[in-house]
Amino acid sequence: MTGNTKAKLGIGIVGCGNISMTYLRNAALFAGVELRACADISADAAALRAREYGIRPLSVDQLLADPEVDLVLNLTIPAVHFDVTMSALSAGKHVFTEKPLATSAAEGRTLVAEAKTRGLLLGSAPDTFLGAAGRRARRLMEEGAIGRPVSGTAFMMGRGMEHWHPNPQFYYQPGGGPVFDMGPYYLTMMVNLLGPVVRVMAMATKGQDERLITADGPFKNTSFKVGTPTNVLSLLEFQSGATVNFGASWDVFRHSNHPIELHGTEGSLRLPDPDTFGGTVSLSERGADWRDFDSDGELYGKKNWPFAAPDRANYRMLGVADLARSLEEKRTPRASGELALHVLEIMEAILASGESGQSVRVGGNLVRPPLLGEDEARSLLA
């Protein structure tokens, strides 16, 4: 895009697994971006995605050297996020990576610093907070609907992965677990609404030392050892003074906790699952009955996923489109590396507190991303 702000940002995807299909399909929805190439450790996987979406299959090295690729979309597994992102930045490419930014805060800080030194943009999933539900909640908060936020709860609870995933072992090792795998959705949404976290206290346990794989596949009925906590309860202190209980567990069969609830001096706000872009936001003003704001008719809230029988809103690529626009406008992208780094620092602090039994400070002076206004959100569409 150098020298031509009207040109489309050329996207090269590294990592052609299941999640790539969402980004590949959604790319056509947005202005300012264009798929150019894809690469994977498996040449066959890259060739398959290339045929499906009419782009060029390349090796990773070829993609990083390709002059038509302006931005690398890193969709690899978390264990190699750092290496792929650093290689792309070193090759002079902007980067947007799947979550988490890296598997340690130290690596995350290195990536943010490298991007800044090179004058490149670094963005990271999740971008779900830019969806219809997240925008509605942010508007209500900024309008003072619940007054000054005081407390809240957030719960991500389930039975884990081994009952449906044929190869779930990596989810249960360091860099995985419910905090690192699902925490980014919840924590990013809360930071978007409440601002940065300054202190964490947590308790962390393993529900089971070993897990039995029951999903169909080559490892069915085999067991593996769990290498990271699977049941974590934490207390987050925000710079604003609000405190939120955040629970993340893969040791729960069934529960009735709402994904996110925030309570303030004038009312309460309920949010849907932050792993989706839509859902219903509910407001209770000073104890009144809940008033629902449904997202189905809102921009980036309409159910569009899975393709055959949509039951949720999935607009992954929205953050990439905002990054492309931010390049033209010379501003920080909303789903920025700095935001992802702060979330990574929170997650690392949660696990550290769970291990030590002590509270852990979270540093940084994060500035919350500005609200994505409705007109600007619409302007990102093709």
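About the cut-offs
Residues numbered from 1 in each chain as written. Predicted model: local features only at pLDDT ≥ 70, side-chain atom pairs only at ≥ 80, totals over all residues. Heavy atoms only, no water. Helix = DSSP H or I, 4+ residues; strand = E, 2+ residues; numbered from the N terminus. Phe/Tyr/Trp six-rings, centres within 6.5 Å; stacked < 30°, edge-to-face > 60°. Buried < 20%, exposed > 50% of the residue type's maximum accessible area, 1.4 Å probe, protein only. Lys NZ or Arg CZ within 6 Å of the ring centre and 35° of its normal. Expected span 1.5 Å × (residues − 1). Contact = heavy atoms within 4.5 Å. pLDDT = per-residue confidence, 0-100. Polar contact = N/O pair within 3.5 Å; in protein donor to acceptor, adjacent residues only side chain to side chain. Pairing = 2+ DSSP bridges. Core = buried A, V, L, I, M, F, W, Y, C linked by side-chain atoms within 4.5 Å. Salt bridge = Lys/Arg side-chain N within 4 Å of Asp/Glu carboxyl O.

**Student:** Mind laying out the environment of Ala 308, listing which residues take part and the relevant values?
**Tutor:** Within the secondary structure, Ala 308 sits in the loop between β16 (291-293) and α8 (318-329). The sequence separation of Ala 308 and Gln 208 amounts to 100 residues, and the corresponding C-alpha distance is 36 Å.

**Student:** So what's going on with the packing of aromatic side chains? Residues and values would help.
**Tutor:** Remark: the centre distance and the inter-plane angle together describe each pair of aromatic rings, the angle taken between the planes. Inspection of every chain in the model, using the stated rule, returns nine aromatic pairs. Residues Tyr 171 and Trp 250 carry aromatic rings whose centres are separated by 6.2 Å and whose planes lie at 85° to one another, so their mutual orientation is edge-to-face. One end of the pair, Tyr 171, is in the loop between β7 (149-157) and α7 (177-194); the other, Trp 250, is in the loop between β12 (243-249) and β13 (260-264), and 79 residues separate them in sequence. Accessibility assignment for this pair places Tyr 171 and Trp 250 in one class, buried. Joined through ring pairs, the aromatic side chains of Phe 170, Tyr 171, Tyr 172, Phe 224 and Trp 250 make up one cluster. Here Arg 159 stacks its cationic end above the ring of Phe 253, 3.8 Å away from the centre of that ring.

**Student:** Can you tell me about α8, naming the residues and giving the values?
**Tutor:** Between the first and last C-alpha of α8 there are 16 Å, a value that for 12 residues agrees with the 16 Å anticipated at 1.5 Å per step. Most of α8 sits inside the fold, with nine of its 12 residues counted as buried. For α8, every residue scored as buried is listed here: Leu 318, Gly 319, Val 320, Ala 321, Asp 322, Leu 323, Ala 324, Arg 325 and Ser 326. Packing partners of the buried residues in α8 comprise β1 (9-14), β2 (33-39), β4 (71-74), β5 (94-97), β6 (122-124) and α10 (374-379). Taken from the residues just after α8, Lys 330 is the one with a positive phi, measuring 55°.

**Student:** Talk me through the confidence of the model for the protein chain; I want residue IDs and the actual numbers.
**Tutor:** Model confidence for the protein chain is summarised by a mean pLDDT of 96, while 98% of its residues fall at 70 or above. Confidence over residues 1-5 falls short of pLDDT 50; this stretch has seven contacts with residues more than four positions distant or in other chains.

**Student:** Which residues make up the side chain of His 94, and what values do they have?
**Tutor:** By secondary structure assignment, the location of His 94 is in strand β5. Exposure remark for His 94: the relative accessible area of 11% places this residue in the buried category. Within the local environment of His 94, its side chain forms a polar contact with the backbone nitrogen of Leu 121, the two atoms lying 3.0 Å apart.

**Student:** Before we move on, can you summarise the sheet that holds β13 with the specific residues and values?
**Tutor:** The nine strands are arranged β16-β15-β14-β13-β7-β12-β11-β8-β17 in an open sheet whose pairing can be described as mixed. Where the open sheet ends on each side, the last strands, each with one partner, are β16 and β17 (360-361). Bridge analysis of strand β15 (residues 281-285) against β16 gives three bridges, and the strand direction is antiparallel. Residue Leu 283 lies in a different strand from β16, and its bridge partner there is Arg 291.

**Student:** Any chance you could break down the pairing of β13 for me, citing the residues and the numbers?
**Tutor:** When β7 meets β13, the two strands line up antiparallel, connected through five bridges. Across the sheet, the residue bridging to Ala 154 is Ile 260, located in β13. Here four bridges tie β13 to strand β14 (residues 267-271), and the two strands are oriented antiparallel to one another. Paired with His 263 across the two strands is Ser 268, which belongs to β14. Turn length for the β13-β14 hairpin, with the two strands adjacent in sequence and antiparallel, is two residues.

**Student:** Could you give an account of the nonpolar core, with specific residues and numbers?
**Tutor:** Of all hydrophobic cores here, the largest spans 113 residues; its most connected members are Ile 11, Leu 73, Leu 236 and Met 317. Among the elements that make up this core, the one with the highest residue count is α7 (11 residues). Excluding anything up to four places from it in sequence, Met 317 contacts Ile 11, Tyr 23, Asn 26, Ala 27, Phe 30, Val 33, Leu 35, Leu 73 and Asp 127.

**Student:** Lay out the sheet that holds β2 in plain terms, naming residues and giving numbers.
**Tutor:** Taken together, six strands build an open sheet; the order of strands is β3-β2-β1-β4-β5-β6 and the sheet is parallel. Looking at the sheet topology across the chains shown, the edges are occupied by β3 (56-57) and β6. Pairing geometry for β4 and β5, over four bridges, is parallel. Opposite Leu 71, over in β5, you have His 94 as the bridge partner.

**Student:** So what's going on with unusual backbone geometry? Which residues, and what values?
**Tutor:** Each neighbour pair has its own omega, and for Lys 99 with Pro 100 the value is -10°, a cis peptide bond. Looking at the element boundaries, Pro 100 is found in the loop between β5 and α5 (105-118). A cis amide bond links Ala 125 to the next residue, Pro 126, at an omega of 5°. Secondary-structure assignment places Pro 126 in the loop between β6 and α6 (132-142). Positive phi, normally seen in glycine, also occurs at Asn 221, with a value near 70°. Tracing the backbone through its elements, the reader meets Asn 221 in the loop between β9 (210-212) and β10 (223-225). For Tyr 300, which is not glycine, the phi torsion reads 60° and is therefore positive.

**Student:** Give a description of the pattern of salt bridges that names residues and reports values.
**Tutor:** Taken as a whole, this structure holds 27 salt bridges when the rule is applied. Between Asp 322 and Arg 334 there is a salt bridge whose closest N-O contact spans 2.8 Å. Residue Asp 322 is located in helix α8, and its partner Arg 334 is located in the loop between α8 and α9 (337-356); the two are separated by 12 residues in the primary sequence. On the accessibility criterion, Asp 322 (0% relative accessible area) is buried.

**Student:** Which residues make up the environment of Ala 145, and what are the values?
**Tutor:** With respect to the helices, strands and loops of the structure, Ala 145 is situated in the loop between α6 and β7. Each C-alpha atom of the pair Ala 145 and His 165 lies 41 Å from the other, and the pair is 20 residues apart in sequence. Once residues lying within four places of it in the same chain are set aside, the contact partners of Ala 145 are Leu 140, Glu 266, Gly 267, Leu 283 and Glu 285.

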